[in-house]
Amino acid sequence: MGIVGDESVLAERERMAAVKINIVGVGGCGNNAINNLYKLKLPAKLIAMNTDAPVLRRTSADKKVLLSGLTEIPRGAHGVPDVGAKAMENSIEDALAAIDKDVDAVIGIAGLGGGTGTGGLPVLFRELALRRKEALRIAVVTLPFREEGEERVKNAQMGLQELLECSDTIIPNANDVLAEKMGGITLPYAFKVMDRKIARVVEALVRLQSPEVGPGIINVDFSNVKRIMRNARISFAGVGEGRRIYDAFNRALRDDYAETDLSTAHGVLLFYEGKEIYLDMGQIRSTINYITNNFGTSTVFFGIRPTWELAEVRASVIACGVKSGYVEEFLGGGV
Ligand SMILES: Nc1nc2c(ncn2[C@@H]2O[C@H](COP(=O)(O)OP(=O)(O)OP(=O)(O)O)[C@@H](O)[C@H]2O)c(=O)[nH]1
Ligand SMILES: [Mg+2]
């Protein structure tokens, strides 16, 4: 059955074919991430959820949900995950109403360690597992600095454990690993670096599947993304830039804040963006070979997006089903 060149019909078909991604930032760190992503004008719905009304008010998002019903003054969950969880439970209908009914993937972002994100995101994901069964649930989280204190570390351990049980996959980023890598940096600066990392990873996840049309664009089919991300437990996501494909690829592999072991990966998504003249197929092929030789998987899906927006080549590597030394120690070890 052909479609006779009716633009509105074609536009409607394009919308139907598009992968629908919703990005939900819960709590202060999550809202901050939504704010940063808003500037990128990605083809994804941005939803901010918080118990903290002033922070939520200052966040730019397509949709905002105030998690409430606990205290008279909505100013956060005071670092108590149970309070964050309760607030999400109280507001769950509003939260679900904000998320598209036919959503394909929900990316949840939270800084683990506090009350709202740590308690709230698992409650939301559990509900999504029941009521938006088809949707992929991806959590992008940070783990607190040990220096933030025992309480926060304990909260984060609990939150991470819960998220492991209700997410398809988690992309963890430990502030400790970041501090160790960068050495002698201030807390606000570390948060900034982490903010950038979160935005880059989420951007890659969206662009990789976005239905942008243009010459030379190769998207990774969402059914493949779904297949390798379902029940992948932990995934590594790294983004790197450089003059050549090789430089960008190597930097992406080093963009690791979870001490990941890639040899157990069961599927890899590889994505290159940059000026067309830099997207060298020979080099791209060698990086794919590098993965199949070193990652213990032959399942590599790759996409490219020629764009004049970037000065250098940007590589995004997402390896699903990996081991994270940091996470294991973090969950297994005491405080
Ligand atoms: N990268 C980054 N991390 C942050 C930021 N703010 C907080 N964090 C981290 O995220 C953890 C949780 O903090 P918040 O997101 O502020 O906590 P919350 O979810 O709002 O919880 P409550 O305020 O207790 O209700 C902290 O322990 C920090 O490690 C931020 O702006 N950027
Ligand atoms: Mg807060």
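Keep in mind it's a predicted model, so treat the numbers as computed, not measured.

Participant: What is the right way to look at the overall build of the protein chain in this model?
Facilitator: A tally of helices and strands in the protein chain yields 13 helices and twelve strands. Relative to its length of 335 residues, the protein chain is compact, with a C-alpha radius of gyration of 20 Å against a globular reference of 20 Å. If one aligns the C-alpha atoms of the protein chain with their principal axes, the spans along those axes are about 55 × 50 × 30 Å. Of all 335 residues assigned to the protein chain, the portion counted as buried reaches 48%. Partitioning the contacts of the protein chain with sequence separation of at least 6, the portion at a separation of at least 24 is 74%.

Participant: Would you take a moment to explain the nonpolar core for this structure?
Facilitator: One recurring pattern in soluble globular proteins is that nonpolar side chains are buried together. By size, the foremost hydrophobic cluster in this structure holds 96 residues, and its most contacted members are I23, I107, V140, V202, V268 and A319. Taken domain by domain, the makeup of this core includes at least three residues from each of domain 1 (15-207) and domain 2 (233-324). Apart from residues lying up to four places away in sequence, I23 is in contact with I34, L37, A44, K45, L46, I47, I107, I109 and V202.

Participant: What should I look at first to understand the sheet that holds strand β7 (residues 233-242) in this one?
Facilitator: Strand pairing in a sheet relies on backbone hydrogen bonds. The paired strands run either parallel or antiparallel. Read from one edge of the open sheet, ten strands run β3-β2-β1-β4-β5-β6-β7-β11-β9-β10, paired in mixed fashion. The open sheet has two free edges, formed respectively by β3 (63-66) and β10 (300-306), since each of these has just one partner strand. The average undirected angle you get between the axes of adjacent strands in this sheet is 20°. Bridge analysis of strand β9 (residues 267-274) against β10 gives seven bridges, and the strand direction is parallel. Bridged to L269 within β10 is F301. Sheet contacts for helix α6 (residues 116-131): β1 (21-26), β2 (45-50), β4 (105-111) and β5 (136-143); angle to β4, the most-contacted strand, approximately 165°.

Participant: Is there a simple way to explain unusual backbone geometry in this structure?
Facilitator: Excluding glycine, residues mostly have negative phi values, and the peptide bonds linking residues are mostly trans. Positive phi values are uncommon outside glycine, yet H78 reaches one of about 50°. As for its position among the elements, H78 is in the loop between β3 and α4 (81-90). We classify H78 as partly exposed; it has 13 C-beta atoms within 10 Å.

Participant: Would you take a moment to explain the environment of Y246 for this structure?
Facilitator: Topologically, Y246 is positioned in helix α11 (residues 245-254). Expressed as a C-alpha distance, the spacing of Y246 and S286, which sit 40 residues apart in the sequence, is 8.7 Å.

Participant: Sorry if this is basic, but what is going on with the site of ligand 1 here?
Facilitator: Near ligand 1 there are 24 residues, and of these G27, G28, G111, G113 and G114 occur at the shortest range. Within the residue set of the shell around ligand 1, elements represented by two or more residues are α2 (27-38), α6 and α9 (187-207). Looking at the shell around ligand 1, its residues break down into five nonpolar, 16 polar and three charged.

Participant: Where do I start with the packing of helix α8 (residues 175-182) against α9 in this structure?
Facilitator: Angle between the axes and distance between the axes are the two parameters that describe a pair of packed helices. At a minimum axis distance of 10 Å, the contact between α8 and α9 shows a crossing angle of 110°. Judged on the interaxial angle alone, α9 and α8 are roughly perpendicular. Judged by residue contacts, N175, L178 and A179 of α8 engage A190, V193 and M194 from α9.

Participant: Explain the domain arrangement of the protein chain to me, please; I cannot follow it from the model alone.
Facilitator: Much of the literature gives interface size as the accessible area that the parts lose upon coming together. With domains assigned, the protein chain is organised as domain 1 (15-207) and domain 2 (233-324). Its C-alpha centre places domain 1 at a distance of 25 Å from the equivalent point of domain 2. Each side of the interface is counted separately: domain 1 has 13 residues, and domain 2 has 14 residues. When residues of the side of domain 1 that touches domain 2 are traced back to their parent elements, those giving at least two are β6 (169-174), α8 and α9.

Participant: What should I look at first to understand the environment of A110 in this one?
Facilitator: Its location among the elements puts A110 in strand β4. Spatially, the C-alpha atom of A110 lies 17 Å from that of L136, the residues being 26 residues apart in sequence. Those residues in contact with A110 that lie beyond four places of it in its chain are V26, G27, C29, G30, G117, T118, L121 and V141.

Participant: Is there a simple way to explain the packing of α4 against α6 in this structure?
Facilitator: The N-to-C vectors of α4 and α6 enclose an angle of 40°; their axes lie 6 Å apart at closest approach. Taken together, the axes of α4 and α6 lie oblique to each other. Crossing of α4 against α6: the hand is right-handed. On α6, the residues that touch P81, D82, V83, G84, A85, A87, M88 and E89 of α4 are T116, G117, T118, G119, G120, V123 and L124. Of the residues contributing to the contact of α4 with α6, the split by class is seven nonpolar, six polar and two charged.

Participant: How do you make sense of the environment of Q209 when you look at a structure like this?
Facilitator: Residue placement: Q209 occurs in the loop between α9 and α10 (222-229). Judged by C-beta crowding, with 26 C-beta atoms within 10 Å, Q209 ranks as buried. In contact with Q209, other than residues within four places in its own chain, are V19, N219, V220, F222 and V225.

Participant: For this particular structure, what's the right way to read the pairing of β9?
Facilitator: A regular strand places its side chains on the two faces of the sheet in alternate fashion. Where burial is concerned, most of β9 is hidden: eight out of the eight residues are buried. Where burial is concerned, the two faces of β9 agree: the one with G267, L269, F271 and E273 and the one with V268, L270, Y272 and G274 are both buried. Pairing geometry for β9 and strand β11 (residues 313-320), over seven bridges, is antiparallel. Bridge pairing links F271 to S316 in β11.

Quick notes on the rules
- Residues numbered from 1 in each chain as written.
- Chains lettered and ligands numbered in written order.
- Predicted model: local features only at pLDDT ≥ 70, side-chain atom pairs only at ≥ 80, totals over all residues.
- Helix = DSSP H or I, 4+ residues; strand = E, 2+ residues; numbered from the N terminus.
- Rg over C-alpha atoms; globule rule 2.2 N^0.38 Å.
- Buried ≥ 20, exposed ≤ 12 C-beta atoms within 10 Å, placed from the backbone.
- Contact = placed C-beta atoms within 7 Å.
- Core = buried A, V, L, I, M, F, W, Y, C linked by C-beta atoms within 7 Å.
- Domains from an automatic or database assignment.
- Pairing = 2+ DSSP bridges.
- Axes fitted to C-alpha atoms, helices over the stretch in contact; angles between N-to-C directions.
- Near = placed C-beta within 6 Å.
- Nonpolar A, V, L, I, M, F, W, Y, C, P; charged D, E, K, R; others polar.
- Parallel < 35°, antiparallel > 145°, perpendicular 65-115°, else oblique.
- Left-handed = near helix turned anticlockwise from the far one by under 90°.

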